[in-house]
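As a plain string of letters, each chain reads:
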Amino acid sequence: MCRFLAYKGAPILMDKLLYQPRNSLVTQSFRAREREEPLNGDGFGVGWYQPEIDTLPAVFLSVQPAWNNMNLRYLAPKIQSPCIIAHVRAATHGGVSETNSHPFHYGNLLCMHNGSIGGFRVIKRALRMRLSDGIYDWIKGETDSEHFFALFLEKLYQNGDSHETDDLVQALCETITELKELLNDHGITKPSFLNVVITDGNSVVATRYVSDHNMEPHTLYHSEGRCFECIDGVCRMTKGDPQDHAVLVVSEKLTDVSEDWNKVPPNHFVVVDKNLAISVHPVDE
């Protein structure tokens, strides 16, 4: 069901997130700890922002397993960014292709998903009919994840092109509500798992959500501190309150330092605003 991470804070080398931690994201691509199937080898993707250049993100997608991609291994120690998201895929809906790899990119926004929409094939046509021509034509792949992001974009941009953190949260709430309506209209009772991360490079909004409240959603954690350090192979989030600050949102804890990680409650948002303030609150359905 995929694994991902999102980082926001002082610029950090990509290598410190993807390779150096004991349970790095690349390690999770072949030995995930917190899901029944440990392999996430159906491609990967990384997105990052260089605000000194422009507001649009860079994206690197591949159909190769993350553990076997030499380009990523070479690039990760040389790319530094204040906002990085990365995803290793275990395919559910859609074949293994770059167009089906996360993160998905629209304008200055990036989106990635861990989970699945129950009954997606049944509602796919009805969902697409709710999209404007521009968003409809933007879709390139087959996944439930990209279609969920398209519905989110429809909600976000219906009130204009500019948006703040609260607008991202509101649009994500409205997307989940509309998705539930679609599923109910088609008699779908199979649960939907929606661990979703969306960022514009300034804010990060993530959900840990399952539509059946009697079930446990997939794991999601957040961590904050002065910075995420890796020294001599030992990584941890250092504490303190200087000007530098860093936040991580992850599917699995990157290290074994349990006090560094806070589990997001079921059916809650974790929101990181442009000032790196974190809030955790229920998903308003």
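In what follows, the structure referred to is the one given above.
The model shown is predicted, which means the values in this text are computed figures rather than measured ones.

Caption draft 1: Just the sheet that holds strand β15 (residues 278-282), in detail. Within the open sheet, the six strands sit side by side as β5-β6-β7-β8-β14-β15. Their pairing is antiparallel. Two strands lie at the open edges of the sheet, namely β5 (104-106) and β15, each paired on one side alone. The average undirected angle you get between the axes of adjacent strands in this sheet is 15°. Where strand β8 (residues 204-208) lies against strand β14 (residues 268-272), five bridges are found, and the strand directions are antiparallel.

Caption draft 2: Structural detail: the sheet that holds strand β2 (residues 44-48). Read from one edge to the other, the open sheet built from seven strands follows the order β3-β2-β4-β1-β12-β9-β13, with strand pairing classed as antiparallel. Looking at strand neighbours, the two that pair on one side only are β3 (58-62) and β13 (262-263), the edges of this open sheet. With two bridges connecting them, strand β9 (residues 221-225) and β13 associate as antiparallel partners. Of the residues in β13, the one forming a bridge with His222 is Asn262.

Caption draft 3: The pattern of salt bridges, seen in detail. Taken as a whole and judged by the stated rule, the model has nine salt bridges. Arg73 is the salt-bridge partner of Asp15, the closest N and O atoms lying 3.2 Å from each other. You can see Asp15 sitting in helix α1 (residues 15-18) and its partner Arg73 sitting in helix α3 (residues 70-75), a full 58 residues away along the chain. Of the charged contacts, one joins Glu178 and Lys155 as a salt bridge, the two residues approaching to 2.2 Å between their closest N and O atoms. Taken together, the residues span a long stretch of sequence, with Glu178 in helix α7 (residues 165-185) and Lys155 in helix α6 (residues 144-157) at a distance of 23 residues. Residue class for Glu178 comes out buried when judged on its relative accessible area of 11%. Residue classification places Lys155 among the buried positions, given a relative accessible area of 18%. In this structure, a network of salt bridges that share partners links the residues Arg22, Arg33 and Asp256.

Caption draft 4: Representation of the pairing of strand β12 (residues 246-250) within the structure. Within β12, five of the five residues are buried, leaving the element largely enclosed by the surrounding structure. Of the two faces of β12, the one carrying Ala246, Leu248 and Val250 and the one carrying Val247 and Val249 are both buried. By the bridge criterion, five bridges tie strand β1 (residues 3-13) to β12 in an arrangement that is antiparallel. Within the sheet, the bridge partner assigned to Lys8 lies in β12 and is Val247. Sheet analysis places β9 next to β12, joined by five bridges and oriented antiparallel. By the bridge assignment, Glu224 is partnered in β12 with Val247.

Caption draft 5: Highlighting the packing of α6 against α7. Where α6 contacts α7, the axes come no closer than 8 Å and their chain directions differ by 125°. Considering the angle they form, α6 stands oblique to α7. Considering how the two elements wind past one another, α6 and α7 form a crossing that is right-handed. In this structure, α6 uses Phe148, Leu151, Phe152, Lys155 and Leu156 to contact α7, whose residues at the interface are Asp167, Leu168, Ala171, Leu172, Glu174, Thr175, Ile176, Glu178 and Leu179. Across the contact of α6 with α7, the residue classes tally to nine nonpolar, one polar and four charged.

Cut-offs and rules
- Residues numbered from 1 in each chain as written.
- Predicted model: local features only at pLDDT ≥ 70, side-chain atom pairs only at ≥ 80, totals over all residues.
- Heavy atoms only, no water.
- Pairing = 2+ DSSP bridges.
- Helix = DSSP H or I, 4+ residues; strand = E, 2+ residues; numbered from the N terminus.
- Axes fitted to C-alpha atoms, helices over the stretch in contact; angles between N-to-C directions.
- Salt bridge = Lys/Arg side-chain N within 4 Å of Asp/Glu carboxyl O.
- Buried < 20%, exposed > 50% of the residue type's maximum accessible area, 1.4 Å probe, protein only.
- Parallel < 35°, antiparallel > 145°, perpendicular 65-115°, else oblique.
- Left-handed = near helix turned anticlockwise from the far one by under 90°.
- Contact = heavy atoms within 4.5 Å.
- Nonpolar A, V, L, I, M, F, W, Y, C, P; charged D, E, K, R; others polar.

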